[in-house]
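# Notes for the structure review
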Amino acid sequence: MSYSKMSLAKPVMRGLLGKRLRFHLPIAFALSLMAAAAFKFGVTEPRKRAYADFYKNYDATKEFNNMREAGIFESVRPTGK
Amino acid sequence: MLATRALSLVSKRVISTSICVRGGHGVAKVDDYALPSYFDRRENPLPDVRFVTDLSPVQKSLKEKEKGSWATLSNDEKIALYRISFKKSFAEMNKGSNEWKSVVAGMLFFIGVTGLVVLWQRKFVYGPVPPTFETEWKEKELQRMLDMGINPVGGISAKWDYENKEWKK
C-alpha cells in the first residue's frame, strides 16, 4: 500500500497575527468609536443640557429662603422665630 | 563529612534520603518527579519520554523492525508503534468532556449552602438594626433631604414637586 497521496495540505505557518489584526482592528476601532459616540450623545449631552436648563432661571435667594423656612440651617432660624 | 556524621547521629535513614551529600562522597538520589515525564498536551506535541517505558518482547521486536525500512511496516504495526510512544492521540486528547456540568453543579450547590449560612447568621448572629432604619426616621430623613434640595438637577429633589408637595408624575 502506498501512502504518497495521503498527506494533508501544509497548514498556514506565517502571517497569522497580521491576518487576525487586519480583521479585528477595524472592527475594534469602529465599536470603540460607536461606544464613545453613544455615551456622548446618550449621557453627557443630556446631562449638560439638564444642568444648563436648571441654572437658566435659578434664583439662589428664593431657594435659600425656602430652605431657611424649612428649618435646616443652624446659622439662621426661620423668619417666624 | 562532619555534616553527615552529625546526621548519622540523628537517624541512619537521613543520609540515604538526603540529597545533598557534599564532597563527591555519593550520588544524589533522584526522585521520580524530578525525571522527565510523559504528558499529553496540545502545546507540547513531542514529550520528553515515550509513554511505554518497559517494552514487552513483541514491542521490542517491533522496535527493531522500525529501524529498517518503514515501507515494510503494516498499518497495525504503525499504530502499535504510535501507541508505544504516545498515550492519547490528538483527537482523543482534545475531545471535550461533560465535566463542566459537574463543575457548575458543584458551584451552585456551594452557593446554595452559603445562602443557608447567611440566613442562619441573620437570625442567630446579628444584633438588632439601628433606629435609623425605622420607617418614621426614614420619612424624616427624606423630608430633610428634600428641604435641603439634595441632587436638584437630576436626582431626588428634581423628582419632587415642591408646589404640590408630592412626587412629580
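Going by what an unreviewed UniProt entry lists, chain B is known as Cytochrome c oxidase subunit 4 and is assigned to Esox lucius. Heading Subcellular location (unreviewed entry) of the UniProt record for chain B holds this comment: "Mitochondrion inner membrane". Per UniProt, chain B has the following entry under Function (unreviewed entry): "Component of the cytochrome c oxidase, the last enzyme in the mitochondrial electron transport chain which drives oxidative phosphorylation."

The name that an unreviewed UniProt entry assigns to chain A is Cytochrome c oxidase subunit 6C, with the source organism given as Esox lucius. In UniProt, chain A has this text filed under Sequence similarities (unreviewed entry): "Belongs to the cytochrome c oxidase subunit 6c family." Its UniProt record gives chain A the following Pathway (unreviewed entry) comment, quoted word for word: "Energy metabolism; oxidative phosphorylation."

### A few points about the UniProt feature "transmembrane region" (unreviewed entry) in chain B
As recorded in UniProt, the feature "transmembrane region" (unreviewed entry) lies at residues 103-121 of chain B. Measuring from the first to the last C-alpha atom of residues 103-121 of chain B gives 27 Å, for a span that is 100% helix and 0% strand.

### Section: the environment of A:T79
Residues and elements named next belong to chain A. With respect to the element layout, T79 can be found in the segment after α2 (60-70). Sequence separation between T79 and N65 is 14 residues; the distance between their C-alpha atoms is 9.0 Å. Those residues within four positions of T79 in sequence are excluded, and the remaining contacts are R68 and E69. At 3.1 Å, the side chain of T79 and the side chain of E69 are in polar contact.

### So, the packing of aromatic side chains
The relative placement of two aromatic rings is captured by the distance of their centres and the angle of their planes. Counted according to the given criterion, the structure contains nine aromatic pairs over all chains. Note on B:Y82 and B:F86: the rings are 4.9 Å apart at their centroids and 45° apart in plane angle, and the pair reads as tilted. Summarising the aromatic geometry, the rings of B:W120 and B:F124 are spaced 5.8 Å apart at their centres and angled 40° between planes, so their arrangement reads as tilted. Of the two residues, B:W120 and B:F124 are both situated in helix α6 (residues 99-124); the distance of four residues between them amounts to about one turn of the helix. Overall, the relative accessible area of 55% leaves B:F124 in the exposed class. Members of the aromatic cluster, joined through ring pairs, are A:F54, A:Y55 and A:Y58. Above the plane of the ring of B:F133 lies B:K138, whose end atom (NZ or CZ) is 5.4 Å from the centre.

Parameters and conventions
- Residues numbered from 1 in each chain as written.
- Chains lettered and ligands numbered in written order.
- Predicted model: local features only at pLDDT ≥ 70, side-chain atom pairs only at ≥ 80, totals over all residues.
- Heavy atoms only, no water.
- UniProt positions renumbered as here; feature names shortened; annotations may be inferred.
- Helix = DSSP H or I, 4+ residues; strand = E, 2+ residues; numbered from the N terminus.
- Contact = heavy atoms within 4.5 Å.
- Polar contact = N/O pair within 3.5 Å; in protein donor to acceptor, adjacent residues only side chain to side chain.
- Phe/Tyr/Trp six-rings, centres within 6.5 Å; stacked < 30°, edge-to-face > 60°.
- Buried < 20%, exposed > 50% of the residue type's maximum accessible area, 1.4 Å probe, protein only.
- Lys NZ or Arg CZ within 6 Å of the ring centre and 35° of its normal.

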